[in-house]
Every structure is written in C-alpha cells, then in structure tokens.
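# Examination of the molecular architecture
Listed below are the residues making up each chain.
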Amino acid sequence: MSTKVSDHLLQRLREWEVEHVFAYPGDGINELLAAWERADNTPRFVQARHEEMAAFEAVGYAKFSGKAGVCAATSGPGAIHLLNGLYDAKLDHVPVVAIVGQTNRSAMGGSYQQEVDLMSLYKDVASDFCEMVTVPEQLPNVLDRAMRTALSRRTVTALIIPADVQELDYSPPKHAFKMVPSSLGIAQYAPVPAQEEVARAAEVLNAGEKVAILIGQGARGAREEVEAVADALGAGVAKALLGKDALSDELPYVTGAIGLLGTRPSYELMQGCDTLLVIGSSFPYTQFMPELDQARAVQIDIDPHMIGLRYPFEVNLVGDAGATLRALLPQLKRKKHGAWRKKIEKDSARWWEVMERRAAVDADPLNPEYVVHALDALLPDDVILAADSGSAANWYARHLRLRGAMRGSLSGTLATMGPGVPYVIGAKFAHPERPAVAIVGDGAMQMNGMAELITAAKYRKDWQDPRLVFAVLNNQDLNQVTWEMRAMSGAPEFRVSQSIPDVPYADFARSIGLGGVRVEKTDDVIPAWREALGADRPFVIDFRTDPDVPPIPPHADLDQIEAAATAILKGDPDAAGVVRQGFKAKVQEMLPGHRRRDGKEGG
C-alpha cells in the first residue's frame with residue numbers, strides 16, 4: 001500500500017520523538033485520522049473535549065516536559081478554537097506546534113464551507129513559522145522547520161494541510177532545482193556573552209551594596225548558579241510567577257513572587273536595592289521594580305528580542321542563564337552578608353508568619369487563603385501544580401512554597417481563564433508517574449474545566465500515579481474582576497456580570513467515575529486534601545469559599561492585620577472581627593468608594 005502524505009506526517013513526528021498529539025477530530029483532518037489508525041495510534045492521539053483544551057494540554061505538556069507540545073484540529077472552527085491556547089504558549093515562550101486541516105485546494109477562494117483564511121488567521125500567533133503544505137515534497141522540510149523553530153525560539157509554529165493534500169501519495173523532495181531536502185533534529189546549545197560584556201556586568205554588580213535579583217522561568221535550569229551568585233552578592237531573590245519553581249522557597253533570602261500577586265518582601269527588596277540583576281524574566285510591571293534612576297541594572301536573557309525591556313539596564317547579556325552565570329561568578333567579589341541580607345531574611349520570615357495568620361482568620365464559609373495555605377505542608381515532594389487565572393492565582397502565588405523537584409505554572413502573560421485543568425492533564429501525559437494538583441476558580445471550572453474532567457476520566461487508568469486533584473474555589477463570584485470593579489470609582493460592582501451559579505462540582509465528578517467531596521467547614525479542609533491526595537483516581541474538591549476575602553496588594557501595611565491575627569491565635573474572641581475590620585479598612589483604603597454586596601461601605 002502506498003504511503004500517503006498523512007502517513008508520512010505521523011512517521012516524521014515519530015522520528016522527532018513526539019509521543020502525544022492533543023487533538024479533536026473533524027472532517028478537515030479525516031485522512032490524518034485514518035493514518036493514525038494505520039499507525040496503531042502512534043504518536044498517541046489524545047482526545048480533548050474541545051480544541052482550546054487540546055491546545056492548553058499541549059502547553060501544559062510542553063511546560064512540564066521541556067519538549068515541544070503538539071496539537072491538531074480540523075479546518076475552520078477547529079483551527080479557530082486552538083487560538084487561545086496557542087496565544088498562551090506564544091506569550092509564555094513555550095514550544096508548541098499546531099497541525100490544522102484546510103478545505104481542498106480546489107475549493108479555496110470559493111467561499112466554501114468552513115473555509116477560513118488560515119494563513120492570515122495564524123499570521124500573528126505563529127509569526128515565526130506558519131506554512132501551508134500544497135505538494136507532498138514540501139512536507140518534511142515544513143514539519144522539520146516547524147519543530148526546530150518552536151524548540152529553538154520557544155514559540156508557536158503551525159502547519160496547514162489541505163484535506164486533499166493529506167490524501168496524496170507521498171514522494172520525498174528530489175535532488176533537483178526548487179526542491180528543499182531536510183533533516184531531523186536540533187542540537188543543544190548554551191550561548192555565552194563575550195568576555196568583555198561579562199566583565200562589564202561584574203563591575204556593575206561588584207559596585208553595588210544592596211543587590212536584588214529577579215528571576216523568571218529562564219533561570220529554571222540554573223538553580224545552583226543563581227544560589228551561588230546570590231550568596232556571593234549577599235542578594236535577595238524575587239521570582240516572577242512563571243519562575244516560581246525556579247528556586248526553592250525554603251531558602252531564607254528568597255522573597256517569593258513579585259508584582260500585584262506578589263509579596264511584601266519582594267516589594268521592599270525592589271524599593272530598597274541599589275543594584276538589580278534580572279535573569280531569564282520578562283516581568284512586565286515596571287512599577288514593582290526599582291525607580292528608574294534608583295538602581296544600576298544587568299539583564300541576562302537567552303532571547304535577544306527580549307533583552308533591554310522593562311528597565312534601563314546598563315548591561316544586557318544575551319546568553320543561557322546557567323552558562324552566563326558560570327562565566328560571571330569568578331569575576332564577582334564576595335560581599336559580607338550584612339544588614340541588607342539580614343533584613344531580607346527577616347522580612348521573608350515575617351511574611352510567611354503573616355500569611356499563616358491571614359489564613360487563620362475566620363470567613364464565611366471558608367477562607368480561601370486557608371484552603372490553599374493548608375495544602376502547603378501536604379504537597380508531595382514531586383508534585384506538579386497549576387493555578388488558573390483569577391483570585392486562585394493570588395493564593396497560589398502567596399501561600400504555596402515550592403521546593404525540591406516541585407513544579408508549578410499558570411498562564412503568566414496572557415492570563416487567560418481556563419488552563420488550570422488542561423495544564424495538569426497535559427502534565428500527567430508528560431509525567432504519568434507524578435501527582436498533580438490544579439487550583440481553579442469556579443468561573444474557570446464552569447467556563448471549560450468541567451467538560452475537561454471527562455478527559456481526565458477517560459485517560460486516568462493510563463497514568464501510573466493516579467493522583468490528580470482539582471481544587472475548585474467555589475465562591476459563586478468572578479472574584480478577581482469583582483475586586484477590580486470595586487477599585488473603580490463609581491463602579492463598585494455589577495452583580496449581573498459577576499454572580500455565577502452554585503454547581504455541585506464534586507457530584508459531577510463522582511457521576512463520571514472520579515472522586516469528589518464538598519467542603520464547607522474549616523475542620524474538613526485538611527482531611528479533604530488528604531483524601532484527595534491519597535485517592536486512587538482523579539479527585540475534585542469543591543471548597544465553598546468566602547468571596548469577600550480581598551487580595552491585599554503587596555505594598556499594603558500589614559502591621560495592624562498581623563497584630564489582630566496574633567490575638568486570634570491567643571484565643572481573643574473579638575480578634576476575628578478585628579482582623580476582618582482590618583481587611584475592610586485596608587481594602588477601603590486600597591479601593592476607594594467600593595461597597596459590599598449588602599450596600600454597606602467597606603469590605
């Protein structure tokens with residue numbers, strides 16, 4: 001039997017060692033589906049419930065495996081549905097290859113059913129490489145370039161394959177004019193800046209007395225080097241959220257997340273430093289960095305297109321984080337760990353104490369901070385975590401300390417709703433031997449997460465470690481936007497837009513063969529986490545949380561709240577009310593003119 005273009009496509013993916021393709025079927029890729037049948041489903045076709053979820057699963061797979069994620073969809077609506085997940089990959093610099101069908105070549109330009117100008121549609125999201133395969137000889141080169149470009153530039157690439165081309169007999173490119181042969185593979189490399197540039201960076205860092213380091217996901221493979229540099233410079237280290245797992249939160253000089261979802265110690269680190277070193281991060285919010293004339297600054301990034309952004313850096317080093325830091329370390333002059341370093345460590349320790357006390361505050365019915373804080377001590381050593389966008393991201397950022405081999409991520413730059421559930425499903429295909437946990441708001445769960453629980457049920461027996469936990473923060477409110485609206489003068493909140501139904505998430509999980517429990521009492525929180533983390537199947541915990549617990553900004557003064565929270569731990573019966581009033585006062589200061597749902601000021 002002759003080899004079709006579709007057969008060769010799957011063969012080439014196998015040669016690239018692609019093991020999974022996250023996809024949804026449709027007639028625009030019918031011949032490709034037939035090829036999958038002929039290939040005994042290798043690479044594995046992972047059937048999502050929606051193309052957007054397939055793309056998110058490819059992103060999660062790529063984030064947690066270090067390999068390229070691959071997704072596939074039919075022409076027209078299928079290709080359109082992939083876009084949100086693909087933009088998530090593009091903005092977070094994650095290698096993902098999209099394979100999409102198209103109507104027959106003979107129908108193009110004829111306003112045919114499901115005909116969409118995919119080249120134009122994908123021009124932005126796959127701007128580094130997007131090509132349509134029109135003849136069989138074109139295929140190996142196009143696929144190879146898509147894979148290599150995605151991996152080397154950490155971005156999205158796309159192949160568009162018309163349905164009739166998929167059915168053609170495959171013939172390789174010939175040794176002839178206007179034929180483009182191709183080859184497999186991409187070599188590993190670790191670029192290092194020129195020696196004179198490294199020396200300039202060392203001069204800036206050596207001259208500083210109060211050094212701050214900001215790391216992102218680009219520093220993940222340079223953990224030992226970052227620790228050594230921080231030790232030599234007596235520096236504190238703040239982390240962009242995409243780099244939350246790049247350095248252990250147990251290190252005393254690590255101040256945690258930075259930004260609106262960040263910590264007070266990270267804010268103070270940036271406010272007090274005279275020197276800044278940014279490693280592998282494109283953290284966008286300049287207002288959380290030092291004043292523009294405050295600090296001398298050095299940036300290290302492997303991508304020359306991302307260098308020199310966000311801050312007036314004096315030295316910009318283009319190179320691999322680990323290799324560049326190894327070149328830099330011998331030129332650094334060791335600083336004494338004096339008052340600056342001691343303040344950083346004291347501030348970091350105190351912040352965690354404040355977080356413990358905030359989590360201890362009573363709420364109605366559950367304090368969402370306690371729900372997430374309680375998980376911290378229960379996290380398996382090799383857990384993979386994902387948080388969805390919304391208030392869930394606040395508590396993920398502040399209440400979970402990642403250490404050791406733990407991994408975690410969220411939609412960092414696009415900040416889209418919906419990736420929490422598919423991220424951890426993708427992670428389970430990347431690491432079936434590891435447990436995974438998603439922390440998801442009820443808005444995201446209703447938007448698309450519930451349907452994707454079906455995918456978890458479909459594939460759960462294929463995972464060697466059955467532990468996959470979906471924690472739903474169920475407050476019947478689109479909470480992050482509610483707080484943002486409260487911050488708007490004259491727009492306290494529009495309940496019609498913010499209120500969402502109470503859904504029995506745990507009941508739904510049990511109805512499709514998963515585990516599930518609803519939690520409404522504080523005493524039941526830890527037992528629920530333990531049950532879910534010990535279950536023999538994916539498990540949904542429906543936590544009924546209080547929507548009126550505010551995400552205090554990192555620059556808020558927490559002294560009053562801390563003092564009241566200390567009182568509650570000592571048994572003061574009025575302390576809980578004092579703390580809640582402290583929340584109200586701080587939020588009222590932060591968000592002028594807002595009202596509670598009951599119409600009263602504060603809250």
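Quick caveat: nothing in here was measured; it's all calculated off a predicted structure. (Residues numbered from 1 in each chain as written. Predicted model: local features only at pLDDT ≥ 70, side-chain atom pairs only at ≥ 80, totals over all residues. Heavy atoms only, no water.)

This part takes up the sheet that holds strand β1 (residues 20-23). Pairing is parallel across the open sheet formed by six strands, whose spatial order is β2-β1-β3-β4-β6-β5. Pairing within the sheet leaves two strands with one partner each, and these edge strands are β2 (44-47) and β5 (130-132). Averaged over all pairs of adjacent strands, the angle between strand axes in this sheet comes to 25 degrees, irrespective of strand direction. Contacts from helix α7 (residues 139-153) reach β4 (96-102), β5 and β6 (156-162), with the element oriented near 160 degrees to β6. (Pairing = 2+ DSSP bridges. Helix = DSSP H or I, 4+ residues; strand = E, 2+ residues; numbered from the N terminus. Axes fitted to C-alpha atoms, helices over the stretch in contact; angles between N-to-C directions. Contact = heavy atoms within 4.5 Å.)

A few words now on helix α17 (residues 442-459). Where α17 bends most, the angle comes to about 60 degrees, and this point is N448. Counted residue by residue, α17 has 13 buried out of 18 residues, so it is predominantly covered. (Bend = angle between axes of the 7 residues up to and from the residue. Buried < 20%, exposed > 50% of the residue type's maximum accessible area, 1.4 Å probe, protein only.)

Counted according to the given criterion, the structure contains nine aromatic pairs. Summarising the aromatic geometry, the rings of W529 and F543 are spaced 5.3 Å apart at their centres and angled 45 degrees between planes, so their arrangement reads as tilted. Taken together, the residues W529 in helix α21 (residues 525-533) and F543 in strand β18 (residues 539-544) connect sequence positions 14 residues apart. Both residues of the pair, W529 and F543, belong to the buried class. Members of the aromatic cluster, each reached through a chain of ring pairs, are F22, Y61, F429, Y459 and W463. Sitting over the face of the ring of Y396, K244 holds its NZ or CZ atom 5.4 Å from the ring centroid. (Phe/Tyr/Trp six-rings, centres within 6.5 Å; stacked < 30°, edge-to-face > 60°. Lys NZ or Arg CZ within 6 Å of the ring centre and 35° of its normal.)

Right, let's talk about the environment of P422 for a bit. With respect to the secondary-structure elements, P422 resides in helix α16 (residues 420-430). According to the relative accessible area criterion, P422 is buried, its value standing at 0%. In this structure the C-alpha to C-alpha distance between P422 and F56, which are 366 residues apart in sequence, comes to 5.7 Å. Other than its neighbours up to four places away in sequence, P422 contacts M53, F56 and E57.

Okay, helix α5 (residues 83-91) next. Every buried residue of α5 is listed here: L83, G85, L86, D88, A89 and K90. Trailing α5 by a residue or two, H93 shows a phi angle of about 60 degrees, which is positive.

Glancing now at the sheet that holds strand β8 (residues 236-239). Each strand in a sheet pairs with its neighbour through backbone hydrogen bonds, running either in the same direction (parallel) or in the opposite one (antiparallel). The strand order across the open sheet built from six strands is β9-β8-β7-β10-β11-β12, with neighbouring strands paired in parallel fashion. Two strands in the sheet have a free side with no partner beyond their single neighbour: β9 (254-257) and β12 (315-318). On average, each strand axis in the sheet is tilted by 15 degrees relative to the strand beside it, whichever way the strands run.

This brings us to the pattern of salt bridges. The tally for this structure, following the rule as stated, stands at 34 salt bridges. The partner of R153 in a salt bridge is D128, with the nearest N and O atoms 2.9 Å apart. Pair noted here: R153 is in helix α7 and D128 is in the loop between α6 (118-121) and β5, with a separation of 25 residues, a long-range link. Residue class for R153 comes out partly exposed when judged on its relative accessible area of 47%. Residue D231 is joined to R334 by a salt bridge in which the shortest nitrogen-to-oxygen separation is 2.8 Å. One end of the pair, D231, is in helix α10 (residues 223-233); the other, R334, is in the loop between α12 (321-328) and α13 (339-359), with 103 residues separating them in the sequence. (Salt bridge = Lys/Arg side-chain N within 4 Å of Asp/Glu carboxyl O.)

So, on to the packing of α13 against helix α15 (residues 391-399). Each pair of packed helices can be summarised by the angle the axes make with each other and by the distance between the axes. The geometry of α13 relative to α15 is characterised by a closest axis approach of 11 Å and an angle of 135 degrees between their N-to-C directions. Between α13 and α15, the angle is such that the two are oblique. Residues W351, W352, M355, R358 and A359 of α13 pack against W395, R398 and H399 of α15. When the residues that make up the contact of α13 with α15 are grouped by side-chain class, the tally is five nonpolar, one polar and two charged. (Parallel < 35°, antiparallel > 145°, perpendicular 65-115°, else oblique. Nonpolar A, V, L, I, M, F, W, Y, C, P; charged D, E, K, R; others polar.)

The subject of this paragraph is the environment of W340. Of note, W340 is situated in helix α13. For W340, a relative accessible area of 12% translates into the label buried. Taking the C-alpha atoms as reference points, W340 and C273, separated by 67 residues in sequence, lie 8.8 Å from one another. When sequence neighbours within four positions are dropped, the list of residues in contact with W340 reads E209, K210, V211, G234, L269, G272 and C273.

With that settled, consider the side chain of E452. Among the structural elements, E452 can be located in helix α17. Of the side chains with opposite charge, R49 lies nearest to the buried E452, which makes no salt bridge, at 5.0 Å. Ignoring sequence-local partners within four residues, the contact set of E452 consists of A48, R49, H50, M53, E57, V421 and I425. (Lys, Arg positive; Asp, Glu negative; His and termini not counted.)

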